[in-house]
Amino acid sequence: MGTTLTPEFWERFAVLLVAAMAVTFVLTALFDTLVVRMKDRRGHRPPPARAPHRPTITHHRTPVHG
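Residues numbered from 1 in each chain as written. Predicted model: local features only at pLDDT ≥ 70, side-chain atom pairs only at ≥ 80, totals over all residues. Heavy atoms only, no water.

Chemist: Please explain the overall build of the protein chain as it appears in this structure.
Modeler: Counting its secondary structure elements, the protein chain contains one helix and zero strands. Buried residues in the protein chain amount to 0% of all 66 residues. When the accessible area of the protein chain is evaluated, it comes to approximately 7600 Å², of which 66% is carbon and sulfur surface. (Helix = DSSP H or I, 4+ residues; strand = E, 2+ residues; numbered from the N terminus. Buried < 20%, exposed > 50% of the residue type's maximum accessible area, 1.4 Å probe, protein only. Areas by Shrake-Rupley, 256 points an atom, 1.4 Å probe, with all protein chains shown as cover.)

Here is the structure:
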């Protein structure tokens, strides 16, 4: 059974498509704003402490030959 797609169908389809796109756009902007605010509220933390400095080896071992 085939059905024809009426002009009323296409009109509703277009309205629903535009509404879905608008909702998606608004929600994306809202969530992006919330994420940026959450990151800003954490504040600027000092950089992590560095690992202690390892002294460099100034003497060299002689290779052992078997």
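Chemist: When you look at a nonpolar patch on the surface in this model, what are you seeing that I'm missing?
Modeler: Together, Leu5, Phe9, Trp10, Phe13, Leu17 and Met21 give the surface a local cluster of nonpolar side chains, amounting to about 620 Å² of exposed area. One can find Leu17 in helix H1 (residues 7–41). (Patch = residues over 30% accessible without salt bridge, like charges linked within 9 Å, V, L, I, M, F, W, Y side chains within 5 Å. Salt bridge = Lys/Arg side-chain N within 4 Å of Asp/Glu carboxyl O.)

Chemist: Any chance you could explain the pattern of salt bridges here in plain terms?
Modeler: Oppositely charged side chains can pair when the atoms bearing their charge come close. Taken as a whole, this structure holds one salt bridge when the rule is applied. Residue Glu8 pairs with Arg12 through a salt bridge whose shortest N-O separation is 3.1 Å. With Glu8 and Arg12 both in helix H1, this residue pair falls four residues apart, about one helical turn. Of the residues examined, Glu8 reaches a relative accessible area of 47% and is grouped as partly exposed.

Chemist: Would you mind going over H1 with me for this structure?
Modeler: Count 3.6 residues to each turn of an α-helix, and residues three or four apart come out pointing the same way. Its 35 residues give H1 an end-to-end C-alpha distance of 51 Å, which sits within 8% of 51 Å, the value for a rise of 1.5 Å per residue. Where H1 ends, the next residue or the one after it, Gly43, has phi of about 80 degrees, a positive value. (Expected span 1.5 Å × (residues − 1).)

Chemist: Can you walk me through the packing of aromatic side chains in this structure?
Modeler: For any pair of aromatic rings, geometry is given as the distance between the ring centres together with the angle between the planes. With the rule as written, the count across this model stands at three aromatic pairs. Ring geometry for Phe9 and Trp10: centres 5.1 Å apart, planes at 75 degrees, overall edge-to-face. The exposure class assigned to Phe9 is partly exposed, which follows from its relative accessible area of 36%. Take Trp10: its relative accessible area is 45%, and that puts it in the partly exposed class. Taking the centre distance of 5.8 Å and the plane angle of 85 degrees together, the rings of Trp10 and Phe13 count as edge-to-face. Placement of both Trp10 and Phe13 in helix H1 is noted, with a separation of three residues, approximately one turn of the helix. Each member of the aromatic cluster is reached from another via a ring pair, and the members are Phe9, Trp10 and Phe13. (Phe/Tyr/Trp six-rings, centres within 6.5 Å; stacked < 30°, edge-to-face > 60°.)

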